[in-house]
Amino acid sequence: MRRKHRGERAEGDDSYGHVLKYTGVFGGVQVLKILMDVVRNKLAALLLRTSGFGLNGIFMNIGEVVNSLTNFGIGFSSVQRLSELYEDGSQEDLRLFVGVVRTWSLLSALIGAVLCVCFSGLLDWYYFRQTGESHTLEIVFLSLYVASLPIEAGECSILKGVRQLKKIAGVELCCAVSTFVFTIPVFWAFGLRGIVLSLVLCGWAKATLHLSVSLRLFRYRVHPFSRRVVRVGLPLITKGVPYMLAAIAGSLTTALVFGFCLAGATSEIGLYKAGYGLMVTYAGMVFVAVEADYFPRLSSVNHDVVRMNHAINQQIDVCVLLMAPLLICFVLAMPWIVRLLYSDEFLPVVTMAQCAVFYMFFKAVTTPVAYTALAKGNSLVFLAVECVYNAVFVVLLYSGYHRWGLTGAGVSLSLAALFDLLMICSLYRALYRFRLRGSTLRLVLPQGLLLLCVVLASLSGSTLLKYSASLPCLALSLCLTWKMLRRR
């Protein structure tokens, strides 16, 4: 296995073919997941309507907030150490460290569940004080969902650390199927009362699927009462705390959006969540390979400025090449996509999603750059940048939503992403000597201008102008993408 692994690395980790291969593998799985989501969201929209979507989003956010407070960043910080042990070929050390990861994952799962139960009343007050309804018992039951999240993250980190990328892709596909299987029958049988039950079933189904693969590689052994195992895991906590705090900032930002900016109105939250999901969840299929494949590659060259800049610019090229035509298609087909994925009740999110399209375009440039601080082990820099971005995001969203409603929320998403792009590129240029290549800029700017033309034409209200201007832009974007891929 070691000989094959090194051969694969020698074949060309630095090639565009390698980047496209794993972006294609994970992107292909993501397409299949999206097809499952199309059916699931359509049925869920009919069964739950906008208020049910909002309630589902609130419960998911509660789970994310509690999990981010208690997972210690183990799922992320352990990948680098697991990868190093795998590269060294020390099977015994690797096996022992897997036990450490699983032990801390179990401890964080227990802590998270207890915390969710203890603060269920406070969480109920914050999220539902405007509605006059009590969901305390449901939040208590949600603790079972919270407990599943660290288990899943720990097992996934083990698979990433030992480079089982194709198996991760297969598990992701199975998770999508299980989500559909456990969600729709529960929604049909219990309606709004089945939302938490569906989250619990889906959470543990995902954890079980990851375990079913990782247990074939390493036997399940945990030592929660071993001082030595706990002590060995402390460096993971130290390294993972900044990442955990960044996750907390992100979760609390969503909590502020739901409970403060949108004032807990479940219908508005449902519409916002649908619009955000259209641009971020579905269009985000391009990014699924970034953490699994790109981050380990970037980490391996982080001490070489030339190779680091090459890896970053290379990943930006691929993300923009794949993202730009996809976003143009999304803007053109947005009314049909909303009807397909949801229902006519969700049509108010069309303009929001079209205005938010640049959120994902800017992220195609920002995301590869943003991993530089983590690859260099400067997690405090990553944390500071995330906190500043989230603060600006909340201010922009609050201002945009209260001035122009959901359309203003879409504009705010794009402006927040632009601020993030400018901040990260400027800061990392000073700290890490990051440079955008001229060839990358010549790729990004034309695609961005084409996307801007399509968005303006779509917002004009004229069907003739929309298609007469947008279709040539789409054709030109596809030609640029094809030409660049052939050249690479």
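All values reported here derive from a predicted model rather than from experimental measurement.

**Points about the pattern of salt bridges**
Scanning all chains against the criterion turns up five salt bridges. Linking glutamate 92 and arginine 95 is a salt bridge whose minimum nitrogen-to-oxygen distance equals 2.3 Å. In this pair, glutamate 92 and arginine 95 both sit in helix α4 (residues 91-118), three residues apart, roughly one turn of the helix. On the basis of relative accessible area, glutamate 92 is assigned to the partly exposed category, the value being 44%. Residue classification places arginine 95 among the partly exposed residues on the basis of a relative accessible area of 31%.

**Some details on unusual backbone geometry**
A negative phi angle characterises most non-glycine residues, just as the trans form characterises most peptide bonds. The phi dihedral of phenylalanine 72 falls on the positive side, at around 60 degrees, and the residue is not glycine. With respect to the helices and strands, the residue phenylalanine 72 is situated in the loop between α2 (16-70) and α3 (74-88). Judged by its relative accessible area of 18%, phenylalanine 72 is buried. The phi torsion at arginine 433 lies on the positive side, around 60 degrees, for a residue other than glycine. Here arginine 433 is to be found in the loop between α15 (379-432) and α16 (438-459). Classification of arginine 433 by relative accessible area gives exposed; the value is 52%.

**Comments concerning a nonpolar patch on the surface**
On the surface, a nonpolar cluster with roughly 280 Å² of combined accessible area is contributed by Val177, Val181, Phe182 and Leu201. Relative to the assigned elements, valine 181 resides in helix α7 (residues 165-190). Classification of valine 181 by relative accessible area gives partly exposed; the value is 45%.

**Thoughts on the confidence of the model for the protein**
Confidence in the prediction for the protein averages 81 pLDDT; 85% of positions are at 70 or higher. Per-residue pLDDT stays below 50 along residues 1-13; that stretch engages in 14 contacts with residues further than four places along the chain or on separate chains.

**A few points about the packing of helix α6 (residues 136-161) against helix α8 (residues 195-214)**
Here α6 crosses α8 at 20 degrees, and the two axes come no closer than 8 Å. Between α6 and α8, the interaxial angle falls into the category roughly parallel. α6 and α8 meet at a crossing whose hand is left-handed. Where α6 abuts α8, its residues Glu138, Phe141, Leu142, Leu144, Tyr145, Ala147, Ser148, Ile151, Glu152, Glu155, Cys156 and Leu159 lie against Val196, Leu197, Leu199, Val200, Gly203, Trp204, Lys206, Ala207, His210, Leu211, Val213 and Ser214. Of the residues that constitute the contact of α6 with α8, the class distribution is 16 nonpolar, four polar and four charged.

**Here we look at the packing of aromatic side chains**
Per the stated rule, a full pass over the model turns up ten aromatic pairs. When the centroid spacing of 6.0 Å and the interplanar angle of 50 degrees are considered together, the rings of phenylalanine 59 and phenylalanine 128 count as tilted. Residue phenylalanine 59 is located in helix α2, and its partner phenylalanine 128 is located in helix α5 (residues 120-128); the two are separated by 69 residues in the primary sequence. Of the two residues, phenylalanine 59 and phenylalanine 128, neither departs from the other in class, the shared state being buried. Put simply, the rings of Tyr272, Tyr276 and Tyr359 touch in pairs and so form one group of aromatic residues.

Here is what the cut-offs are and how they apply
Each chain carries its own residue numbering, running from 1 in the written order of its sequence. At least 70 in pLDDT is required for a residue's local features to be given in this predicted model, at least 80 for side-chain atom pairs to be given and counted, and no such filter applies to totals for whole chains, interfaces and linings, which use all residues. No hydrogens and no water enter the side-chain calculation; it runs on all heavy atoms of the structure. By definition, a salt bridge exists where a carboxyl oxygen of Asp or Glu is found within 4 Å of a side-chain nitrogen of Lys or Arg. Counting from the N terminus, the helices are DSSP H or I runs at least four residues long and the strands are E runs at least two residues long. Accessibility here uses a 1.4 Å probe with only protein chains present; expressed as a share of the type maximum, an area under 20% marks a residue as buried, one over 50% as exposed, and anything in between as partly exposed. Without a salt bridge and with relative accessible area above 30%, a residue can belong to a patch; like charges are then joined within 9 Å and nonpolar side chains (Val, Leu, Ile, Met, Phe, Trp, Tyr) within 5 Å. Note on areas: these come from Shrake-Rupley sampling with a 1.4 Å probe, and a residue is covered only by the protein chains present in the view. Each residue carries a pLDDT value, the predictor's own confidence for that position, ranging from 0 to 100. Residue contacts follow a heavy-atom distance rule, with two residues in contact if any of their heavy atoms lie within 4.5 Å. Only C-alpha atoms enter the line fits that serve as axes; for helices the fit covers just the stretch in contact. Angles between N-to-C directions range over 0 to 180 degrees. By the definition adopted for this analysis, an angle is roughly parallel if under 35 degrees, roughly antiparallel if over 145, roughly perpendicular if from 65 to 115, and oblique otherwise. Helix crossings fall into two classes, left-handed where the near helix is turned counterclockwise from the far one by less than a right angle and right-handed where it is turned clockwise. Gly counts as polar in this scheme, as do all residues outside two lists: the nonpolar Ala, Val, Leu, Ile, Met, Phe, Trp, Tyr, Cys and Pro, and the charged Asp, Glu, Lys and Arg. Side-chain rings of Phe, Tyr and Trp, where Trp is taken by its six-membered ring, are said to pair if the distance between their centres is within 6.5 Å; with planes under 30 degrees apart they count as stacked, over 60 as edge-to-face, and otherwise as tilted.

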